[in-house]
Amino acid sequence: MEKRETMLESYLRRGLSRRTFIKGCVALTTMMGLSTDMVSKVVEAAEKKPLPVVIWLHGHECTGCDESFIRSGAPLASDLVLTNIALEYDHLLSAGSGEPFEHHLEETVKKYWGQYILAVEGAVSTTDNGTFCMSGGKPFVETLQRVAKGAAAIIAYGTCATDGGIQGAKPNPTGSAGVKHYTGTKPIINVPGCPPIPEVMTGVVMHVALFGKIPPLDSEGRPKQFYGNRIHDTCYRRPFFDAGMFADSYDDEGAKKGWCLYKLGCRGPETYNSCGNLRWYQGMSYPIQSGAACIGCSNAHFWDEGPMFARLPEYGPLGDIDKIGAGLAVATAAGVAVHAAASVVQKQQRDKDKENGKEQVGNK
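Report follows, based on the coordinates.

The next point concerns the side chain of Asn-190. Turning to its location among the elements, Asn-190 is positioned in strand β7 (residues 188-191). Among the polar contacts listed, one links the side chain of Asn-190 to the backbone oxygen of Glu-220, at a separation of 3.0 Å. Non-local contacts of Asn-190, meaning those with residues more than four positions away in its chain, are made with Ala-156, Thr-162, Lys-180, Glu-220, Gly-221, Arg-222, Pro-223 and Tyr-227.

This is the structure:
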């Protein structure tokens, strides 16, 4: 059997030092959402495990997920592709094309059967035998099912791949759906988003690569370390929500002061993602920080959940958001009033104590 190089060997072959290798492992540990006490295990895996072979298929999509992926900052996409994984097939990132490239796909599947990670970007079109999405002269659904059979694990990148995305929006003339319906019982990791955050994409593939198993998943097959919190839970505008202070339009005083965007259609209270803590472009910003409401792009059917900039009718099981906001505002005001009253009493007592102290000094 062919001996494939490890991540450490890949670093050394490129003339990089072991110190740089260790720094890369530390960055990967953080990016995978692991605690610092896992660094030693990451280093051990990177020293011993061969680079994982990755096949990246493109279905019914816009290549936006790949475009996001190549903007990963930790690690850089170039480092990931050149030193951390063995990317054998990807339409967007490969110099190869045409028949030789398709032949290479078949050779890779055969050579590494049962060992490779299959990354899938884009929905699966099924109307008219899948002819709305063809690749290499074959319907994508056929290629997906053939390649999925030999995969050790499957990663569905982007909301198109996880649930159909915009291609699957009503009335869905192409019969598009998520890949999970066509890959049998193979382990699958859903990484939704339109597109997903680049560091989330790199973190997921490296978790599978280094540990040989899928990360802990929630009920929808999403990695818990990246989809464990709602946007609402990590939003810096949350204090304004709690105080019942909402912008009513994108150009009013509330919007200019950074108030909560819920009334402008923000889907943060029902959307699970890492936008609020990881953010985009190496932590520079994310939609809410730039002044736009969250559209819930990592939700299964966000295209069909009503007008994107119309407020949600309800906030989960708690009821109408206006009443919640008003109640929170009243509670906040009441708390402030109580605190103010207590402060006045304390000040009066301090003043009284001072006067008594002066009188006692004078009597002496």
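All right, on to empty space enclosed by the protein then. Unoccupied space between atoms shows up once a probe the size of one water molecule is rolled over them. Following the criterion strictly, the structure yields 4 cavities of 30 Å³ or more and no others. Of the volumes computed, that of the largest cavity is approximately 90 Å³. Lining the largest cavity are His-232, Cys-235, Arg-237, Arg-238, Phe-241, Cys-260, Leu-261, Tyr-262, Cys-266, Gly-268, Pro-269 and Ile-288. Within the lining of the largest cavity, the residues separate by chemical class into 8 nonpolar, 2 polar and 2 charged.

Omega for the bond connecting Lys-170 with Pro-171 falls within 30 degrees of zero, at 5 degrees, which places this linkage in the cis form. Within the fold, Pro-171 resides in the loop between α9 (159-163) and β7. Cis geometry is found at the peptide bond from Cys-194 to Pro-195, where omega equals 0 degrees. Along the chain, Pro-195 falls in the loop between β7 and α10 (198-211).

This part covers the sheet that holds strand β2 (residues 86-90). Strands sit in the order β2-β1-β3-β6-β7 across an open sheet of 5 strands; the sheet is parallel. Among the strands making up the open sheet, the edge pair consists of β2 and β7. Adjacent strand axes in the sheet meet at a mean angle of 20 degrees, parallel and antiparallel pairs treated alike. Here strand β3 (residues 117-121) runs beside strand β6 (residues 153-157); their pairing, made up of 5 bridges, is parallel. Counted as the bridge partner of Val-120 is Ala-156 from β6. Relative to the sheet, α10 contacts β1 (53-58), β3, β6 and β7, its axis offset from that of β6 by approximately 180 degrees.

Here is what the cut-offs are and how they apply
- Residues numbered from 1 in each chain as written.
- Predicted model: local features only at pLDDT ≥ 70, side-chain atom pairs only at ≥ 80, totals over all residues.
- Heavy atoms only, no water.
- Helix = DSSP H or I, 4+ residues; strand = E, 2+ residues; numbered from the N terminus.
- Polar contact = N/O pair within 3.5 Å; in protein donor to acceptor, adjacent residues only side chain to side chain.
- Contact = heavy atoms within 4.5 Å.
- 1 Å grid on protein atoms, 1.4 Å probe; cavity = no way out; pocket = protein on both sides within 12 Å on 5 of 7 lines; lining within 4 Å.
- Points joined across faces, edges and corners; volume = space filled by probe spheres on them.
- Nonpolar A, V, L, I, M, F, W, Y, C, P; charged D, E, K, R; others polar.
- Pairing = 2+ DSSP bridges.
- Axes fitted to C-alpha atoms, helices over the stretch in contact; angles between N-to-C directions.

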